[in-house]
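Spelled out from the first residue to the last, the chains are:
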Amino acid sequence: MIKNFLKESVSQEKTSVYYSYLQILNEELIPAMGCTEPISLAYAAAKARCILGELPDKIDVVVSGNIIKNVKSVVVPNTNGLKGIKAAVAAGVISGREDRVLEVLTDLSEDQKNLIPKYLESTPICVSPAESDLNFDIVLTLYKGDCYSKLRIIDDHTNIVLIEKNGEILYTPEKINPHVVHNNNKLLLSLEDIFKFAKIVDIDDVRELISRQIRCNSAIAQEGLEHHYGANVGRTLLSMYGDDIKARAKAVAAAGSDARMNGCEMPVVIVSGSGNQGLAVCLPVIEYAKEYNIDSETLYRALVLSNLIAVHLKTGIGSLSAFCGAVCAGCASGAGIAFLLGGDLEAISCTISNALAIVSGIVCDGAKASCAAKIASSVEAGILGYYMYLNEHVFSPGDGILGDDIEGTVENVWRLGKQGMKQTDVEILKIITGN
């Protein structure tokens, strides 16, 4: 870890790592419409169609188990309620808007929406499991007569590592090592320096990013609170617990997920490749800012902190795992609330440790309606972790997965999520596919 790199005042010369932190935020906080795994499939399909140059008459899809898990039960937006890998691929092919990337299914016309089920009925789409050991692996081959295009994405949702057409390699990185973290800037992250960065970052450097996150994620949360989506976890929380700030903080994050997991056609600003994590990491902090009349600059700094902590907690685990990513985001939102209300580095460290000690056993069994409830539980743990600290109660180092310090705990979470849950992931996939 590189530590203590930041100047104490933003008026001093900004370091290269300061800009690395900004780059992380710019790469992570991007808009996506719909659950990111089916949208990644749709993006790949749209890109491959553009390379082929025609509407394919046959498609082969090879995907890793985690893609199967995370696409199986979630509604693909702008498909009139369709679910699954074939629906996502067909929607992407019909869209053809690879330039929209993770918003590839935005603004489909009614004719395009109506064409998707017809295309599914008339076009063979063969889905098979990948033979690689990668958690995130998508290979699409589109055929039109004797012509074909092939595209591969690994590790994260837009990381294309192969483009091929009719036997000619059009694109591939010079050397692909699927086990190397692509953005090495993330390895610079540490809680101490995230805290310092949040304190001194020039707000103009993050204003556009954070304002878009606030705007988009608040809008879909309101949509989830006002209308029926999925299991209505957010609305249920408000009906049970009323107007208490702790209940509202959980409810808004859950409501955003209610809408997003169940076909809402509104964008979400994601973090760590996940819209659910993007919702959980920011909406509770925003709600606390409203409750306590916190000024916008402090809110922006708190969201910078919560976003970077979520990325830090997830970096060593990878994009997909049996470890529920909402845990990282919910714990990070608790840290953001602590920062928002004047908490120092100790308060934030203890908040995260307490929260991880409570909810780090939540597993990811695929994207679906129940993600909203897992978000609510994770946010609750983040808030409880902070209030425990305020009442001078903390879990001790060495308790369970807690390390000697916060970075030791983070490394233990990485180990649990990446290594410890490998077999769990296998069994979950067997369960949900009926094997």
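In this report, the structure presented in the accompanying data block is examined. (Residues numbered from 1 in each chain as written. Predicted model: local features only at pLDDT ≥ 70, side-chain atom pairs only at ≥ 80, totals over all residues. Heavy atoms only, no water.)

**Some remarks on the state of the cysteines**
Evaluated as defined, the whole model comprises zero disulfides. Of the cysteine sulfurs around Cys 331, a residue in no disulfide, the closest is that of Cys 328, at 7.1 Å. (Disulfide = S-S within 2.5 Å.)

**Some points on helix α1 (residues 16-28)**
The first and last C-alpha atoms of α1 sit 18 Å apart over 13 residues, in line with the 18 Å expected at 1.5 Å per residue. Listing the buried residues of α1 in full gives Val 17, Tyr 18, Ser 20, Tyr 21, Leu 22, Ile 24, Leu 25 and Glu 28. Lining the buried residues of α1 we find α6 (191-200), α7 (203-226) and α11 (296-315). (Helix = DSSP H or I, 4+ residues; strand = E, 2+ residues; numbered from the N terminus. Expected span 1.5 Å × (residues − 1). Buried < 20%, exposed > 50% of the residue type's maximum accessible area, 1.4 Å probe, protein only. Contact = heavy atoms within 4.5 Å.)

**Re the packing of helix α10 (residues 275-291) against helix α14 (residues 371-390)**
As a packed pair, α10 and α14 sit with axes 10 Å apart at the nearest point and diverge in direction by 45 degrees. Taken as axis vectors, α10 and α14 run oblique relative to one another. Remark: the crossing between α10 and α14 carries right-handed chirality. Where α10 abuts α14, its residues Asn 276, Ala 280, Pro 284 and Tyr 288 lie against Cys 371, Ile 375, Val 379, Ile 383 and Tyr 387. Broken down by class, the residue content of the contact of α10 with α14 amounts to eight nonpolar, one polar and no charged. (Axes fitted to C-alpha atoms, helices over the stretch in contact; angles between N-to-C directions. Parallel < 35°, antiparallel > 145°, perpendicular 65-115°, else oblique. Left-handed = near helix turned anticlockwise from the far one by under 90°. Nonpolar A, V, L, I, M, F, W, Y, C, P; charged D, E, K, R; others polar.)

**Quick word on empty space enclosed by the protein**
In the structure shown here, the tally under the stated rule is three cavities of 30 Å³ or more. Here the largest cavity defines a volume of roughly 320 Å³. Along its surface, the largest cavity is lined by 30 residues, and Asn 70, Ser 274, Gln 277, Gly 325 and Cys 364 are the ones closest to its centre. Of all the secondary structure elements, the ones that give two or more residues to the lining of the largest cavity are α2 (36-52), α9 (245-261), α10, α12 (325-340) and α14. Partitioned by chemical class, the residues of the lining of the largest cavity number 11 nonpolar, 13 polar and six charged. (1 Å grid on protein atoms, 1.4 Å probe; cavity = no way out; pocket = protein on both sides within 12 Å on 5 of 7 lines; lining within 4 Å. Points joined across faces, edges and corners; volume = space filled by probe spheres on them.)

**Regarding the pattern of salt bridges**
The final tally for this structure, using the stated rule, is 19 salt bridges. With a shortest N-O distance of 2.8 Å, Lys 186 and Glu 28 are connected by a salt bridge. One end of the pair, Lys 186, is in the loop between β7 (168-171) and α6; the other, Glu 28, is in helix α1, with 158 residues separating them in the sequence. For Glu 28, a relative accessible area of 7% puts it in the buried group. Taking the shortest distance from any N to any O, the salt bridge between Asp 243 and Arg 248 comes out at 3.5 Å. The exposure class assigned to Asp 243 is exposed, which follows from its relative accessible area of 61%. Taking the relative accessible area as the measure of exposure, Arg 248 reaches 13% and is therefore buried. (Salt bridge = Lys/Arg side-chain N within 4 Å of Asp/Glu carboxyl O.)

**Considerations on the side chain of Thr 79**
In this fold, Thr 79 is placed in the loop between α3 (65-71) and α4 (85-95). With a relative accessible area of 2%, Thr 79 lands in the buried category. Setting aside chain neighbours within four positions, we find Thr 79 in contact with Ala 91 and Ile 116.

**Thoughts on the sheet that holds strand β3 (residues 125-129)**
Spatial ordering of the open sheet is given by β3-β2-β4-β5-β6-β7, a layout of six strands whose pairing is mixed. Taken across any chain shown, the strands that pair with only one partner, and hence form the sheet edges, are β3 and β7. Here the strands of the sheet are splayed against their neighbours by 15 degrees on average, with no regard to which way each runs. Here five bridges tie strand β5 (residues 147-154) to strand β6 (residues 160-165), and the two strands are oriented antiparallel to one another. If you follow Arg 152 over to β6, its bridge partner there is Leu 162. Across the sheet, α4 touches β2 (58-63), β3 and β4 (137-144), and the angle it forms with β2 is around 125 degrees. (Pairing = 2+ DSSP bridges.)

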